[in-house]
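Residue strings, one per chain:
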Amino acid sequence: MTPEHLSRIQIDKLLTSCGWIVQDRTKLNLGAGAGVAVREWPLESGPVDYLLFIDRKPVGVIEAKPVGTTLSGVAEQSNRYLTSTPKGLPPLAKPMRFHYESTGEETFFRDINDPDSRSRRVFAFHRPETLGSWFEKPDTLRGRLQRMPALNTVGLRECQVEAIENLEESFAADRPRSLLQMTMGSGKTYTAVSFIYRLIKFAGAKRVLFLVDRRTLGKQAFTEFDQYRTPDDGRKFTELYNVQHLRSNTLDSEAQVCITTIQRFYSMLSGEPEFAEENEERPLGEMVDEDAQPFTVSYNPKTPIEAFDFIVTDECHRSIYNLWRQVLEYFDASLIGLTATPSKQTIGFFNQNLVTEYSHERAVADGVNVGYEVYRIRTKATEQGGEVAAGFYVDVRDRQTRKVRWQKLDKSLKYEASQLDRSVVVPSQIRKVIQTFRDRLFTEIFPGRTEVPKTLVFAKDDSHAEDIVHIVREVFGKGNDFCKKITYRTTGESPETMISDFRNSYNPRIVVTVDMISTGTDIKPLECLLFMRDVKSGVYFEQMKGRGTRVISETEFHNVTTDAPSKTHFVIVDAVGVCEGDKTDSRPLERKRSVPFARLLESVQLGFRDEDTISSLANRLARLDRKLKDDERKEIEKASGGVALRTLVGNLLQAIDADAQEAKAFEMFGTDTPTKAQVEQATEKLTEAACAPFDNPGLRETIKRLKQQTEQIIDTVTQDELLGAGFDEAAKERARSTVETFRKFIAENRDELTALQIFYSQPYGKRRLTETAVRELAEAIARPPYNLAPQQVWAAYEQLEKSKVRGAGVRKLLTDLVSLLRFEIDKTPVLETWDVTVEGRFNEWLKRQRSAGREFTPEQLEWLRMIREHVANALTIEMEDFENVPFYEKGGAFKVYQLFGAELETILDELNEALAA
């Protein structure tokens, strides 16, 4: 059989799976079904490989080519078929519009009614009823995406408007993948619900898949859809459209939005009847190893490729874009990624189409996020480890059962810091950290506070978390409700209930977790993150930090925390140096992309067995294994002496795995803390064993023969970069930059803005700043090129001159801008919040009045204090202000005249000058 005939066999199978009836021209029966694919139909321009009929009407063609054919040039051939008249048929009422090019392994599709139509890769063929529905409509989804109405911005933040408008521009340009980077707390899910609503209502999207990596995040997403009120008529999203949160492996045919985990959807595509909900609890990254084999899918007639028009991935673990990517690429759908911390791999998967970038810094400036500070706790054991002399008794605890026995040490036990809470637990070290946290909490970390802020502690594992919980309760002298553990091994209360209590109730004040609340989970009142574990991944660390960035209304905040007026910032308490260590993404297996496969095999046989060579060979062999058929795998197994290819790959990966190397050293030398030399010897043993099979020339030749130069190197990681944009420096450098920008703003606008003109033109005691002038100032500094907010400048001064800064200045108060200007322009010795300044000046004014013999009644003092509060918030006091709250409620202008009489105007002038100048 020719290669083309072999391709047609695969195409026939795929067409049949997709609901088509495949016929020869000589056995034509167009009444056999709704969709008929007829082989070798004659056209004016020559016979077409397949002519597609729906309800007896020709709608499209398929051009078949041998496996390995590049299909971009074939599109011109099939395009000629579309414009050619099929012989033997009545005149066409509508021209044919769909064409496919396929090898059976690779298929491209084009609808010529799309604007600037171009071919796109599809996993399989569309079902006949789908093409029939499209054929009857004059326009297409891609056409409608170019005619979207203007966005109704009511209820949307500026960053959300920017994200939706940029995304719709990407849709209009027919870009198949779009990535939205929006920092934690900026409302990514709300943004997604908003654009999904528009896609369904205005673009006519049939169904949208919303993918998460944990069931709890799916519940949060469903709540967001259920609470969303449309900007058109105020009805809820779920009143207009069906939203399904999958709890079984059955897709609701009436649902316009389907929410599920990617692991459940994979099981559905794989044909599994059910999927246990507990499998959706753990984060996706914990379920599989980063170096595991990618999950492959086959065509499933129950879920055709056109089941969804759009797929939204919400903060899925980065392995979704290598291990699980076939689940995403199965559907003929546009892909939209939502993330706060995109890795290079994520950006590469989305074709570098980053449609919006909304950083944490911008969010802080906009008041969408709160900023953070780092408080470091260091102990000797944490950094140096320790030693227990021989002869002492120690507890020995089983990590799984936690059963404890005593044991007398025959020899000294010396342990490194890296062993803490792994092979060695030091309760004193945990206690010292918690005691220090308790002792400094209300004096340094959150000065002036009286109750423990909502705090999340990150532990190394469940056993470590258990130890921390008991010590926290002991050190703080509190009960079980005060501190709880929320991990995947928590029993009794469900994790969802405990998370809800942490979010909405006074207790618990402290929660200890490992990974369960590290990403995605929204705990707005959270003010403190205590790291008692290190994190190497930069992306993951940013996600963990994001738990503290959420803003919260004063009312919601006061429901759970009563000793602070508002949440102004959060604090990272770093007990392990997590903020100081280098952060990287996980390294790819492929590290020698330019080295040909055959040379890698030869290098290993010749003794070049460095980590990069072994890792790259393992990667190439793993990729080969995914392409081989069962009989080809058996060939390799026979040539290797009975070792399967996957075992060969696994052995190579073990040889470069640090945990496997340490385990081998333990096996060889019987020590829990092997030396560097012992680990090197163990690594050599593992490497020799893993590479030994490749000494066999028969195995190498078999592998090379099956490989046959079929692989290409496609680099999706490297990104073209603008030279000279800059690099993120240390916090103090960022603070200096912020202060310099503030100074630049003052210098460039001193003659333009009223508030600055007053500062530079009026004597110190005669300045009369108005709320309007200060608001104008705040709006100007927030615009490009400055992009600053008062709280951002305040935090920068606090970072650089902490001894001179007093008060919680990281607030959204316009009046604090006045304090900043005085500190910078007048060089006042202390930067304090405006209300503190006003209160101090008011007390001084009262003293001067008493010294001059002027006394005030209790009722007059009450009114003077109300005036002081008004000046602290509005900068000045005028007669018309007495018609507003709170003065109006006490009798207004009439009452103040009654109290102060003819002295009123003099008193107001004095107070304006004394308090606000």
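Going by the structure above, here's the rest.
Residues numbered from 1 in each chain as written. Predicted model: local features only at pLDDT ≥ 70, side-chain atom pairs only at ≥ 80, totals over all residues. Heavy atoms only, no water.

**Things to note about the overall build of the chain**
Stated precisely, the cut-off is as follows: The helix count covers DSSP runs of H or I at least four residues long, the strand count covers runs of E at least two residues long, and both are numbered beginning at the N terminus. Residue burial is assigned from relative accessible area. The probe radius is 1.4 Å, only protein chains are included, and a residue is buried under 20% of its type maximum, exposed over 50%, and partly exposed in between. Contacts between residues were defined by any pair of non-hydrogen atoms, one from each residue, lying within 4.5 Å. Using the Shrake-Rupley algorithm and a 1.4 Å probe, accessible areas are obtained, with residue cover drawn only from the displayed protein chains.
A count of helical and extended segments in the chain gives 35 helices and 26 strands. Counting every position in the chain, which comprises 917 residues, the buried fraction comes to 51%. Within the chain, contacts between residues at least 6 apart in sequence are counted, and of these 68% link residues at least 24 apart. Of the roughly 43500 Å² that the chain leaves accessible, carbon and sulfur atoms contribute 48%.

**Examining the sheet that holds strand 9 (residues 208-212)**
What holds strands together in a sheet is hydrogen bonding between their backbones, with the strands either parallel or antiparallel. Rules: Two strands qualify as a pair provided that DSSP identifies no fewer than 2 bridges between them. Every axis corresponds to a line fitted to the C-alpha atoms, with the helix fit spanning only the stretch in contact, and the corresponding angles, defined between N-to-C directions, vary from 0 to 180 degrees.
With parallel pairing, seven strands are arranged side by side in an open sheet as 10-11-9-12-13-8-14. Each edge of the sheet is formed by a strand with only one pairing partner; in this case those strands are strand 10 (243-245) and strand 14 (354-358). Strand-to-strand twist of the sheet, defined as the mean angle between neighbouring strand axes without regard to direction, takes the value 15°. For strand 8 (residues 177-182) and strand 13 (residues 334-339), the ladder comprises five bridges, and the chain directions are parallel. Among the inter-strand pairings, R177 is bridged to a residue of strand 13, identified as L335.

**Side note on the sheet that holds strand 1 (residues 21-24)**
Read from one edge of the open sheet, seven strands run 1-2-3-4-5-6-7, paired in mixed fashion. Among the strands making up the open sheet, the edge pair consists of strand 1 and strand 7 (120-122). Across the sheet, the axes of successive neighbouring strands diverge by a mean angle of 30°, strand direction being ignored. The sheet contacts of helix 1 (residues 3-17) involve strand 1, strand 2 (35-43), strand 3 (46-54), strand 4 (57-64) and strand 5 (98-102), and relative to strand 3 the element is tilted by about 5°.

**Description of the packing of helix 33 (residues 858-874) against helix 34 (residues 892-900)**
Note the threshold: In what follows, roughly perpendicular refers to angles from 65 to 115 degrees, roughly parallel to angles under 35, roughly antiparallel to angles over 145, and oblique to any angle outside these ranges. With the far helix as reference, a near helix turned anticlockwise by less than a right angle produces a left-handed crossing, and one turned clockwise produces a right-handed crossing. In the scheme used here, Gly and all other residues not listed as nonpolar or charged are polar, with Ala, Val, Leu, Ile, Met, Phe, Trp, Tyr, Cys and Pro taken as nonpolar and Asp, Glu, Lys and Arg as charged.
Remark: helix 33 packs on helix 34, axes separated minimally by 10 Å, with the N-to-C direction vectors making an angle of 130°. The orientation of helix 33 relative to helix 34 falls into the category oblique. Seen along the crossing, helix 33 lies across helix 34 with a hand that is left-handed. Note on element contacts: helix 34 touches helix 33 through G892, K895, V896, L899 and F900, opposite E859, Q860, W863 and L864. Here the contact of helix 33 with helix 34 is composed, by residue class, of five nonpolar, two polar and two charged.

**Structural notes on helix 1**
Using the following cut-off: To estimate the expected span of a helix, subtract one from its residue number and multiply by 1.5 Å.
An ideal rise of 1.5 Å per residue puts 21 Å on 15 residues; helix 1 measures up with 22 Å between its terminal C-alpha atoms. Burial in helix 1 covers these residues: S7, R8, I11, D12, L14 and L15. Where helix 1 is buried, its residues contact strand 1, strand 2, strand 3, strand 4 and strand 5.

**A short note on the side chain of S267**
Basically, it comes down to this: Pairs of N or O atoms within 3.5 Å make up the polar contacts considered here, provided that, within protein, one atom can donate a hydrogen while the other can accept it, and that residues adjacent in sequence are counted only when both atoms are side-chain atoms.
The residue S267 is located in helix 9 (residues 262-269) in this model. Residue classification places S267 among the buried residues on the basis of a relative accessible area of 1%. A polar contact of 2.7 Å, which involves the side chain of S267, links it to the backbone oxygen of R264.

**Things to note about a nonpolar patch on the surface**
Where we set the bar: Each patch is built from residues that are more than 30% exposed by relative accessible area and take part in no salt bridge. Like charges join if they lie within 9 Å; nonpolar side chains (Val, Leu, Ile, Met, Phe, Trp, Tyr) join within 5 Å. By convention in these notes, a salt bridge is any Lys or Arg side-chain nitrogen within 4 Å of a carboxyl oxygen on Asp or Glu.
Taken together, M1, L6 and I9 make up a surface patch of nonpolar side chains, about 320 Å² in accessible area. Checked against the element boundaries, I9 lands in helix 1. The exposure class of I9 is partly exposed, given its relative accessible area of 33%.

**Regarding the packing of helix 22 (residues 630-639) against helix 26 (residues 697-707)**
For the pair helix 22 and helix 26, interaxial distance at closest approach is 8 Å and the crossing angle is 165°. It follows from the interaxial angle that helix 22 and helix 26 lie roughly antiparallel. For helix 22 against helix 26, the interelement crossing comes out left-handed. Counted together, E632, E635, I636 and A639 of helix 22 and G698, L699, T702, I703, R705 and L706 of helix 26 form the full contact between these two elements. Its residues placed into classes, the contact of helix 22 with helix 26 shows five nonpolar, two polar and three charged.

**A short note on the packing of aromatic side chains**
What counts is decided by this rule: For this analysis, a ring pair means two rings from Phe, Tyr or Trp (six-membered ring only for Trp) whose centres lie within 6.5 Å, classed as stacked if their planes differ by under 30 degrees, edge-to-face if by over 60, and tilted for the remaining angles. Comment: the charge-over-ring label is applied if NZ (Lys) or CZ (Arg) is within 6 Å of the ring centre and within 35 degrees of the ring normal.
Tallied over the full model, the rule gives 35 aromatic pairs. Following the ring pairs from residue to residue traces out a cluster consisting of Y190, Y197, F210, F225, Y228, F237 and Y241. If you follow R25 out to its NZ or CZ, it ends over the ring of W41, 4.1 Å from the centre. Between the NZ or CZ atom of K94 and the centre of the ring of F135, over which it lies, the distance is 5.4 Å.

**What about a negative patch on the surface?**
This is how the line gets drawn: Under the counting rule used here, the positive set is Lys and Arg, the negative set is Asp and Glu, and His together with the chain ends is not counted. In plain terms, the charge of a residue is placed at NZ if it is Lys, CZ if Arg, CG if Asp and CD if Glu.
Taken together, the side chains of E878, E880, E905 and D909 present a region of like negative charge at the surface. Counting through the fold element by element, E880 comes out in the loop between helix 33 and helix 34. In this structure E880 comes out as exposed when scored by relative accessible area, which is 55%.

**Digging into helix 6 (residues 188-201)**
Side chains three or four residues apart in an α-helix point the same way, a direct result of the helix having 3.6 residues per turn. For helix 6, built from 14 residues, the straight-helix expectation of 20 Å at 1.5 Å per residue is met to within 8% by its first-to-last C-alpha distance of 20 Å. Burial analysis of helix 6 places twelve of its 14 residues in the buried class, which makes it a mostly covered element. Here helix 6 has its buried residues at K188, T189, T191, A192, V193, S194, F195, I196, Y197, R198, L199 and I200.

**Observations concerning unusual backbone geometry**
The peptide bond linking N507 to P508 adopts the cis configuration, its omega dihedral lying at 0°. With respect to the helices and strands, P508 occurs in the loop between helix 17 (495-504) and strand 22 (510-513). In this model, R56 sits at a positive phi of 75°, which is unusual for a non-glycine residue. On the secondary structure map, R56 appears in the loop between strand 3 and strand 4. A relative accessible area of 56% places R56 in the exposed class. Backbone geometry places D174, a non-glycine residue, at a positive phi of 60°. As for its placement among the helices and strands, D174 is situated in the loop between helix 5 (158-172) and strand 8.

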